[in-house]
Every structure is written in C-alpha cells, then in structure tokens.
Amino acid sequence: SAVISQKPSRDICQRGTSLTIQCQVDSQVTMMFWYRQQPGQSLTLIATANQGSEATYESGFVIDKFPISRPNLTFSTLTVSNMSPEDSSIYLCSVGPLTGKYQETQYFGPGTRLLVL
Amino acid sequence: GENVEQHPSTLSVQEGDSAVIKCTYSDSASNYFPWYKQELGKRPQLIIDIRSNVGEKKDQRIAVTLNKTAKHFSLHITETQPEDSAVYFCAAFPNTGTASKLTFGTGTRLQVTL
C-alpha cells in the first residue's frame with residue numbers, strides 16, 4: 001500500500017498566526033482530502049483537494065480560512081489561517097484510490113496535531 | 001446528503017467474546033461501506049470494506065454484513081483480543097458522481113478486558 005506522510009506531525013502555535021500542513025504520497029493518486037478530527041470526535045471533511053483547480057469545500061469551511069494547494073498528484077498542502085484556540089485539532093489528509101483497491105477507498109496520513117494558544 | 005448513525009458509542013467485552021457494532025445510513029445511493037480502526041494517537045486504518053452487491057464479507061476474525069433493504073451494516077469481531085481495543089468508525093459512500101464523498105459515523109470505543 002502507499003506511504004502517506006504529513007508534516008509537521010505536531011505543532012503549538014500562537015493565535016493569529018497561520019500553519020501550513022503538507023501531505024505527501026509515494027504514488028500518484030486521483031483524490032486527496034483534508035479532514036479535521038476534534039479530540040474524541042469523528043472525522044469531518046474540510047475539503048477535497050483537486051489537482052489543477054480550486055479545492056471543493058464542505059459546508060462550514062471556507063477558502064480564506066483553509067486555503068489548499070494541490071500542485072500535482074502526489075502532494076497537497078492545507079493552511080490553517082489566522083488561528084484561534086478553536087482550531088486546535090488533528091488534521092488528517094487522506095488519499096485514494098490505490099492500485100488494486102476499490103475506487104472509493106481512502107487511506108489516511110498520520111495526522112498533524114495542532115494546539116493553538 | 002448522507003447521514004450515518006453508529007451504535008453503540010462505547011462497548012466493553014471480555015477477551016474471547018464477540019463484539020458487534022451497527023451502523024445505519026440514509027442515502028439509498030450509497031454503495032460502498034468501509035470500516036476504520038483508530039488506536040489512540042494513531043491514524044484511522046481501513047480494516048474491512050464491502051460494496052453493495054455483496055451481503056457479507058469476512059477477513060479472519062472480522063466480518064461485515066450489509067442489509068441494503070434496511071440500510072444498515074454491521075461489524076462483527078470474534079474472539080476479541082486486547083489489541084482490538086480502539087475506536088471503530090463506519091462510513092458510507094453514495095455514488096452520486098464527482099461530489100461523492102465518505103460520510104463517517106460517530107465512532108464506537110471498544111474496550112476488550114482481560
């Protein structure tokens with residue numbers, strides 16, 4: 001299966017600042033997604049990162065707050081802008097499909113643990 | 001849009017017993033149902049998945065069953081072991097074209113006690 005990495009693995013940031021999270025896959029994938037997971041909660045989709053076009057955001061998430069880049073089929077970034085303590089969460093990228101797997105199957109990166117003070 | 005409900009929210013079983021987690025979905029267009037296991041501090045990992053043209057799928061001690069008519073699917077873990085302790089998430093994928101995306105349940109915290 002593919003190797004999915006995220007940088008940074010964790011960070012502590014001051015409110016009002018921005019953090020860019022990177023997601024790298026070792027093989028080309030069609031779909032890349034960004035999720036947020038609050039402590040003890042389920043996975044909430046932020047947006048679908050589209051290669052060559054603007055990301056598709058879910059209700060409640062906007063581009064100004066969570067700008068996303070997808071320059072190629074193996075890499076994406078999510079920026080959390082003008083952070084507040086409410087942005088403290090785990091941010092996960094997911095990718096798919098992988099060769100030999102269902103088209104709908106997604107695999108997750110290790111996550112970025114963000115604490116905003 | 002799709003709505004996935006998951007029960008129970010917590011489940012405690014003794015080692016060796018079976019565990020069953022149930023999910024219901026709302027969108028009849030959903031045709032793919034994965035289950036993820038998330039250990040503390042780790043990423044969600046896909047453990048089994050099923051498509052709507054199949055009623056049951058088994059992989060060693062885990063199995064998933066699907067009832068399309070009732071719009072529910074279940075995860076069955078037999079002969080539970082302490083390493084099965086984790087949070088389990090079900091999800092549904094409605095095949096509605098380019099806007100399709102996974103919708104996750106709220107999660108079940110499984111505790112396997114010795």
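That block above? That's the structure.
Bear in mind the structure is a predicted one, so any value in this text is a computation, not a measurement. (Residues numbered from 1 in each chain as written. Chains lettered and ligands numbered in written order. Predicted model: local features only at pLDDT ≥ 70, side-chain atom pairs only at ≥ 80, totals over all residues. Heavy atoms only, no water.)

Novice: Would you mind going over the interface of chain A and chain B in detail, with residue names and values included?
Specialist: Contacts between chain A and chain B engage 18 residues on the former and 19 residues on the latter. Between chain A and chain B, a total of about 1,700 Å² is buried, with carbon and sulfur atoms accounting for 56% of that surface. Looking only at chain A, the three residues that lose the most surface to chain B are Tyr102, Glu104 and Phe108 of chain A, adding up to 37% of its buried area. In this structure, the connection of chain A to chain B is made through 2 salt bridges. When the shortest N-O distance is used, the salt bridge between Glu104 of chain A and Arg51 of chain B registers 2.5 Å. Counting across the chain A and chain B interface gives 9 residue pairs in polar contact (both at pLDDT 80 or more). Those elements that provide at least two residues to the side of chain A that touches chain B are β4 (31-37) and β10 (107-108) of chain A. Taken together, the residues that form the side of chain A that touches chain B break down as 9 nonpolar, 6 polar and 3 charged. (Contact = heavy atoms within 4.5 Å. Buried area = accessible area lost by both parts, 1.4 Å probe. Salt bridge = Lys/Arg side-chain N within 4 Å of Asp/Glu carboxyl O. Polar contact = N/O pair within 3.5 Å; in protein donor to acceptor, adjacent residues only side chain to side chain. Helix = DSSP H or I, 4+ residues; strand = E, 2+ residues; numbered from the N terminus. Nonpolar A, V, L, I, M, F, W, Y, C, P; charged D, E, K, R; others polar.)

Novice: Please give an account of the side chain of Ser74 of chain B that cites residues and values.
Specialist: Residue and element names in this part refer to chain B. Here Ser74 is to be found in strand β8 (residues 72-77). The exposure class of Ser74 is buried, given its relative accessible area of 6%. Not counting residues within four places of it along the chain, the set of residues in contact with Ser74 comprises Val20, Ile21, Lys22, Trp35, Ala63, Val64 and Thr65. (Buried < 20%, exposed > 50% of the residue type's maximum accessible area, 1.4 Å probe, protein only.)

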